[in-house]
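Inside the fold
Read off the chains here:
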Amino acid sequence: MILSIVAYGDPVLRKKAEDISEDYPKLDKLIENMFETMYEARGVGLAAPQVGLPIRLFIVDATPFAEGEDAEPAAEGFKRVFINPIIFEETGEEWPFEEGCLSIPNIREEVKRKSNLKIEYYDENWELYEEELDGVLARVVQHEYDHIEGVLFTDKLSPLRRTLLKGKLADITKGNVDVAYKMKFPKQKRR
Ligand code: NI
């Protein structure tokens, strides 16, 4: 089932999300729906707050980064479910990379983040993993992890860039945006 993706301006995107337990209701179905929703929207990651749930869960499929120019071979098949994750180390130089977000359609901006991270998380079978990531894989995980902390990539831009984007962001909140997937806009007027 395709879920509505919550747009910029919805308070759920600003909550620090909560851990879940193994008896969280219908978790398998939720994860399945999140993948369906992410693929439909052509995203490489989707966090639970983006479908209205303030819980510490996000999914990633970085495979599109294994194709085209600047292809990253390690991205092929990098499909993961992250439950109750903890990034416990971030190292390396900050590097710029153009990010977008399914909750902030049609805006892409360069964001600087550290190149390497270590993360601990449970997968969909509640197996505990520890993983080291770098490059674009670290990047996707850092972006999604920010979502469960209530942080959006636009928070990381310079004050000038943020000022320049203000009008566009306000339009997204109101639903004045062209988008090909199902969204829920916090300030959309009824028609
Ligand atoms: Ni995002």
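Summarised in this report is the structure supplied together with it. Since this is a predicted model, take the numbers as computed values, not measurements. (Residues numbered from 1 in each chain as written. Predicted model: local features only at pLDDT ≥ 70, side-chain atom pairs only at ≥ 80, totals over all residues. Heavy atoms only, no water.)

Our focus in this paragraph is the pairing of strand S6 (residues 128–134). Direction of pairing for strand S5 (residues 104–122) relative to S6: antiparallel, over a ladder of seven bridges. Residue pairing in the sheet places Tyr122 in a bridge with Leu128 of S6. (Pairing = 2+ DSSP bridges. Helix = DSSP H or I, 4+ residues; strand = E, 2+ residues; numbered from the N terminus.)

Next up on the list: the sheet that holds S6. Note on sheets: strands pair through backbone hydrogen bonds, and any given pair is parallel or antiparallel. Reading across the sheet, the five strands line up as S2-S3-S4-S5-S6 and stay open at both edges, with antiparallel pairing between neighbours. Single-partner strands in this sheet number two, and they are strand S2 (45–47) and S6. If you compare each strand with its neighbour and ignore which way they point, the axes differ by 45 degrees on average. The pairing of strand S4 (residues 79–101) with S5 spans 13 bridges and is classified as antiparallel. Within the sheet, the bridge partner assigned to Ile83 lies in S5 and is Tyr122. Each of S2, strand S3 (57–61) and S4 touches helix H1 (residues 27–40); the most contacted strand, S3, lies at about 45 degrees to it. Sheet contacts for helix H2 (residues 135–148): S2, S3, S4, S5 and S6; angle to S4, the most-contacted strand, approximately 115 degrees. (Axes fitted to C-alpha atoms, helices over the stretch in contact; angles between N-to-C directions. Contact = heavy atoms within 4.5 Å.)

Any empty space left between the atoms is revealed when a probe the size of a water molecule rolls over them. There is about 440 Å³ of room inside the largest pocket. If you go around the largest pocket, you meet 26 residues; those closest to its centre are Val44, Gly100, Cys101, Leu102 and Arg108. Every element with two or more residues in the lining of the largest pocket is listed here: S4, S5 and H2. Here the residues of the lining of the largest pocket are counted per class, giving 13 nonpolar, six polar and seven charged. Its boundaries defined by the atoms lining it, the second largest pocket holds a volume of some 230 Å³. (1 Å grid on protein atoms, 1.4 Å probe; cavity = no way out; pocket = protein on both sides within 12 Å on 5 of 7 lines; lining within 4 Å. Points joined across faces, edges and corners; volume = space filled by probe spheres on them. Nonpolar A, V, L, I, M, F, W, Y, C, P; charged D, E, K, R; others polar.)

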